[in-house]
Every structure is written in structure tokens, then in C-alpha cells.
Amino acid sequence: MTAPNSPPARVATEARKLPKGDRLLEVADRAGWVARVGHAAVMERIRAVLERHRQAVLEGAPCPAAEAVEAEVLAALEVDAGGTLRAVVNATGVVIHTNLGRAPLSGETIDAMRQAAAGYLTLEYDLATGERGDRAAHAEAPLKRLTGAEAAVVVNNNAAAVMLALAALSGSRPSGESPPDGPPEVIVSRGQLVEIGGGFRIPDVLRRSGAALVEVGTTNRTYRRDFEEAIGPRTRLLLSVHRSNFRLEGFVHEPTLTDLVEVGRERDLWVVEDLGSGALLDTAAFGLGAEPTVPERIRAGADLVCFSGDKLLGGPQAGILVGKREAIARVRRHPLMRALRVDKVTLAGLAATLAHYEKGEATARIPIWRAIAAAPVELEARARRWREALGELGRACEVREGRSAVGGGSLPEVTLASAVLALPGDPDALAARLRAGQPPVVGRIEQDRVVLDPRTVLPGEDEGLVKAVRGALAG
Ligand SMILES: *Cc1c(COP(=O)(O)O)cnc(C)c1O
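Since we're looking at a predicted model, the values are computed, not measured.

### Details of the pairing of strand β10 (residues 235-241)
Of all seven residues in β10, seven are buried; the element is thus mostly enclosed. As defined by bridge partners, strand β6 (residues 185-189) adjoins β10 across four bridges and the pair is classed as parallel. Across the sheet, Glu185 pairs through a bridge with Thr235, a residue of β10. As paired strands, β10 and strand β11 (residues 270-276) are joined by five bridges and run parallel to one another. Looking at the pairing, Leu239 lines up with Val272 of β11. Remark: the β10/helix α11 (residues 257-267)/β11 crossover connection has right-handed handedness.

Pasting the structure below:
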């Protein structure tokens, strides 16, 4: 028996003073939460709050007042109701921010996706014949026109596209001959065995596709003859990978894609390029340096080129394969195609984004290109308007020169001249208050200041941003 006044007994008595779950449920119900989110979600939150207090009390904390616990439950339900996928203002200046959802979409793209989502459509249906149609055909015609490729197909993301390309082509040669016993081999330069991020490593993807990796050359220098000398009876494919997220400089050499295409033709091998970002526009015109474009790589003669829909293309998440008719036909026939295919909403959005390129209005209509193309003077004027709108609080803020980045594993060393609003105060604490704001604002910390870069703040977000900054600076 424990004595009535021993510490464990006192703690148990304290814990018993916590409000009962039923009482908290009543309070939440009266505030409308059971109707809004359902009984189970309310109870889960109540149990979590009570359990946390019970633990604290057991560890010696005093029992909180019932009203405080009730208020805490209501506040937590409010946060829960916002969901985990919340809209944020991207003031980081990183245009294609993978953690913040990569490319925001154009109005036309969003309309097309909404329409596709809301109703039935000819996803796999031919209105002329009343028979089954081809899902893969929807984005194919514009992709062919825009890239010069003979054929195209769309899957879930570029990681899937690369995996599928390797799996579908490494089984046999372009002429149709199948490999002798043992896994087919894919040759890659050691300088291109890259990790893209999020666990996408070229050597691992290769292994998963069922092919064996043959590394050639060295980290900094690989020659055409390294590829030629490594070709054996089981070689099926030469792979070129764009080093999206880093640059190799100095004493370096890589064979050109044209070199690989020549070797591939001579030796009856497929040539595939993982291009990553997949720009359709000439990036040099935006002060970004020369990023290889998809049409350029198709002209060089690759059998397949893979790229993302939501990096420099500026559309919905997708993986796009373009290239030779026979190579695309094999991709479409591969059993993995069924597992990796895209839904109607993505196809509709991709088609609408591609239409901007076809009409020559990509830089005016596609949000990532508008952000990339924004002039420093425009950005500076916007940062100044934010400062003025902050009134008194704006006095301690400063408009400075800054540099934005393209991001998304593209153009690693390139930055764009921008202007930023630098905010006063302890940067970590302020950044945390900005993230907790309504709307949440994500900035970056530079020279011990939180800075907000207008380049990535979408048109129409200014008012919300100023309100949130005012709250964070005052709090
Ligand atoms: C980004 C990237 C990928 C992965 O593309 P996701 O669309 O994110 O799946 C693969 N390869 C390269 C070279 C990339 O840059």
C-alpha cells in the first residue's frame, strides 16, 4: 500500500484533476468541431492533449486549469483543420523549390485541370468511332511538334521515366536481337553517376531496372573510346545523365551526345539521355547560361530523352519521354507502363502548359518563366512597396540587392540579380514566426537577417505577405 501523501499518490491525485475526455468532447461539440471534422478526429486530438498533460504531471508539472486544457483542444483542432498540406508564400527566391511543390501552374493549366477533374472526358475514348482511344496520345502531338521527336509518352515523374526507359530498352538491341545469358549491361560515365536528391541515385535506379551498370572513365574525364572499349556482348544501352545539381569544372572531358549516338549506331545500341529539367526555351536569353534544351538533344539523335514536367517546363508533376518511334513503342508496351501512367488531371494540365509554348507565350503565361524573367528594377520596386505598406514597422527594414536561384536541381551555379526586403531582429526567431503566420511565409536567412525575395512571391500575394510580416515583426 502506498501512503496517501507519498509522491506517487500526490501525482495520481493531480492527474485525476485533469478534465475528463467526455467533458472536452462536449466543449468541442458545442464549438461545432464534431460537425466540422467528425467525432473520431475530435476524440483523437482530445486524447493526445490529455495524454501529454498526464505525462507532464507524472513528471512533476502542476495540473493545468480545466479552461486552459479546453482552450488548448480548441486551438489544436483549428490547426488540425488546416490540414498538413498548406498554402505558403514562397519568399525564398528559389523558383523551382522542390520542398514547396516545384512549379506553380498557369491559370489556363489550372482551368484545364479543374475541368478534367470535375467530369467525364475522352481519356481513352474515340468520339468518332465510339471505340477505345489511346490515353498516351493526348500530350503526344504537341510534344512532337515542340521537341522534333518522332513520338512521346508521359508518366508520373522523371524518376519513373528513366526507370521505364532503362527497363524497356535494355532487354534487346535496336535491331531486336536479345542479349545472351546474364543481365543486360548499361554503360555510364563515372562523372555522371549522380544523386539527384530525394534518394534518386542513378546506380540504384539502374539496378532496379534489371540492368547491370558498367562504369567507364574517371570522375573528371571520360572519352568516347572508354565507352567503345567497354562494349561487350551483353551491352544494350549507352546512358547520358545531365549533371543537374552540380558543375564539374577544370580538367574535365565528356564525350558529346553526338559521339554516343555515333557509337550506338555503329554497335547496334540504344542511346538514352536523362536530361532532368528539360528546358524547351533557350535559357541563355534569361542570363542563365546555356542549359541543354530538349529539341537540341533530339536533334543530336538520342533514341530517348527523359525530363520532368514540373521543373523548367513549368507544368504539373510528370515524367516525359520523347524520342524514336520504336523506342517509345517499347516503353508503351512495357508492363511497368501501366503502373507509372498519369491520370486525366495531369494530362489535361500538361497539354494546357504545352499550349503556352506552342502559342509563343510561355514567358508571359507560365509562372516559373515569369519569375525567371522578372527584371531587377521591377523586383526592387515591389520590395519598396512592401516596406512602405509596413508603415512604422517598415522603417527598420531595408531593401537590398540579392540573388535568386532557379532551383529544382537546375542551373546550380547560376543566380539571378534580385532585390530583397531584409527584416530586423533575431533571424531564427523571426523566420519561425513567419512560418507560423497566416499565410505562412518562407523566407531565407542571409547575413544574419531574414530576407524576402519578391521574385517567387506570386502576383496577388503581396497583401497577405505584408499582413503576415506585420504580425511577425510585431509579435
Ligand atoms: C530532377 C531529376 C530527376 C528526377 O526527376 P523527378 O521529376 O523529380 O522524378 C532525374 N534525373 C535528373 C537528371 C534530374 O535532374
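### A closer look at the site of the ligand
If you check the shell around the ligand, you find Arg102, Asn157, Asn158, Ala159, Ile196, Phe200, His242, Ser244, Asp274, Gly276, Ser308 and Lys311 and nothing else. Asn158 places a main-chain nitrogen or oxygen 3.0 Å from an oxygen atom of the ligand. Taking Lys311, its side chain carries an N or O atom lying 2.8 Å from an oxygen atom of the ligand. Bound to the protein, the ligand loses 94% of the 390 Å² it would expose on its own. When residues of the shell around the ligand are traced back to their parent elements, those giving at least two are α8 (158-169) and β11.

### Quick notes on the sheet that holds strand β5 (residues 151-155)
In a beta sheet, neighbouring strands are held together by backbone hydrogen bonds and run either parallel or antiparallel to one another. Ordered by their spatial adjacency, seven strands build an open sheet running β5-β13-β12-β11-β10-β6-β9, and the pairing between neighbours is mixed. Edge strands, defined here as strands with exactly one partner in the open sheet, are β5 and β9 (212-216). Put simply, the sheet's adjacent strands are angled 25° from each other on average, direction ignored. Where β11 lies against strand β12 (residues 304-308), four bridges are found, and the strand directions are parallel. Following the sheet pairing, Asp274 is matched in β12 by Cys306.

### Concerning the domain arrangement of the chain
Segmenting the chain into domains produces domain 1 (7-81), domain 2 (89-100 + 369-474) and domain 3 (107-365). The centre of domain 1, based on its C-alpha atoms, is set 53 Å off from the matching centre of domain 3.

Rules and cut-offs
Residues numbered from 1 in each chain as written. Predicted model: local features only at pLDDT ≥ 70, side-chain atom pairs only at ≥ 80, totals over all residues. Heavy atoms only, no water. Buried < 20%, exposed > 50% of the residue type's maximum accessible area, 1.4 Å probe, protein only. Helix = DSSP H or I, 4+ residues; strand = E, 2+ residues; numbered from the N terminus. Pairing = 2+ DSSP bridges. Right-handed = clockwise from strand over helix to strand, strands pointing away. Near = heavy atom within 4 Å. Polar contact = N/O pair within 3.5 Å; in protein donor to acceptor, adjacent residues only side chain to side chain. Areas by Shrake-Rupley, 256 points an atom, 1.4 Å probe, with all protein chains shown as cover. Axes fitted to C-alpha atoms, helices over the stretch in contact; angles between N-to-C directions. Domains from an automatic or database assignment.

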